Amino acid sequence: MKTIAKSITAVGVAALALVGVAGTTSTTKAAALSPADQQKILDLHNKYRADVGSPPVQWDDTLAANSQVVADRALLRPKGQGVLGGGDL
């Protein structure tokens, strides 16, 4: 259970980092993070990955921007209809 919680936390850290940048458009939110902030997010994410035996990952601006689009769409969904709750993103 502890391993699952750490994995979920690692995903949550990355998601919150992207969703938490206010006042910018979807395509620029991830780019709006400073290199220092990106590194902090990456370091924490990789720490949790290492705790469960997963190799480290590197920051990818395209992946970050695409993740932001998915997060934005999820925020617009009616309450109770999650990202994986069916329908097209």
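Notes on the overall build of the chain
The helix and strand tally for the chain stands at four helices and zero strands. Seen in sequence order, the chain has helices and strands lined up from the N terminus as α-α-α-α. A buried classification covers 21% of the 89 residues belonging to the chain. Counting every atom, the chain has about 6,100 Å² of accessible surface; 62% of that belongs to carbon and sulfur.

With respect to the pattern of salt bridges
Tallied over the full model, the rule gives one salt bridge. Between Asp51 and Lys47 there is a salt bridge; the shortest N-O distance is 3.3 Å. Separated by four residues within a single helix, Asp51 and Lys47 lie in helix α3 (residues 35-51), roughly one turn from each other.

Remarks on the environment of Pro56
Along the polypeptide, Pro56 turns up in the loop between α3 and α4 (61-76). In this structure Pro56 comes out as exposed when scored by relative accessible area, which is 65%. For Pro56 and Leu42, which are 14 residues apart along the polypeptide, the C-alpha to C-alpha distance reads 8.7 Å. Excluding its chain neighbours within four sequence positions, the residues that come into contact with Pro56 are Asn46 and Arg49.

Section: α3
The terminal C-alpha atoms of α3 lie 24 Å apart, and with 17 residues this matches the ideal 24 Å at 1.5 Å per residue to within 8%. Taken together, the buried positions of α3 are Gln38, Ile41, Leu42, His45, Asn46 and Tyr48. Mapping the buried residues of α3 onto a view down its axis gives an arc of 155 degrees, with all of them on the same face. Across from the buried face of α3, at angles greater than 90 degrees, the exposed residues are Lys40 and Ala50. Gly53, located one to two residues past α3, shows a positive phi value of around 80 degrees.

Overview of α4
Between its first and last C-alpha atoms α4 spans 23 Å; for 16 residues at 1.5 Å apiece the expected length is 22 Å, and the two agree. Of all the residues in α4, the buried ones are Ala64, Gln68, Ala71 and Asp72. Looking down the long axis of α4, one finds its buried residues gathered within 100 degrees of arc, a one-sided arrangement. Turned more than 90 degrees away from the buried face of α4, the exposed residues are Thr62 and Leu63.

Here we look at the confidence of the model for the chain
Mean pLDDT over the chain works out to 72, with 52% of the residues at or above the 70 mark. Averaged pLDDT values over the elements of the chain bottom out at 53 in helix α1 (residues 2-19) and peak at 95 in α3. Low pLDDT, under 50, characterises residues 18-27; the predicted model gives this stretch 18 contacts beyond four residues in sequence or across chains.

About the thresholds
- Residues numbered from 1 in each chain as written.
- Predicted model: local features only at pLDDT ≥ 70, side-chain atom pairs only at ≥ 80, totals over all residues.
- Heavy atoms only, no water.
- Helix = DSSP H or I, 4+ residues; strand = E, 2+ residues; numbered from the N terminus.
- Buried < 20%, exposed > 50% of the residue type's maximum accessible area, 1.4 Å probe, protein only.
- Areas by Shrake-Rupley, 256 points an atom, 1.4 Å probe, with all protein chains shown as cover.
- Salt bridge = Lys/Arg side-chain N within 4 Å of Asp/Glu carboxyl O.
- Contact = heavy atoms within 4.5 Å.
- Expected span 1.5 Å × (residues − 1).
- Arc of directions from axis to C-beta.
- pLDDT = per-residue confidence, 0-100.

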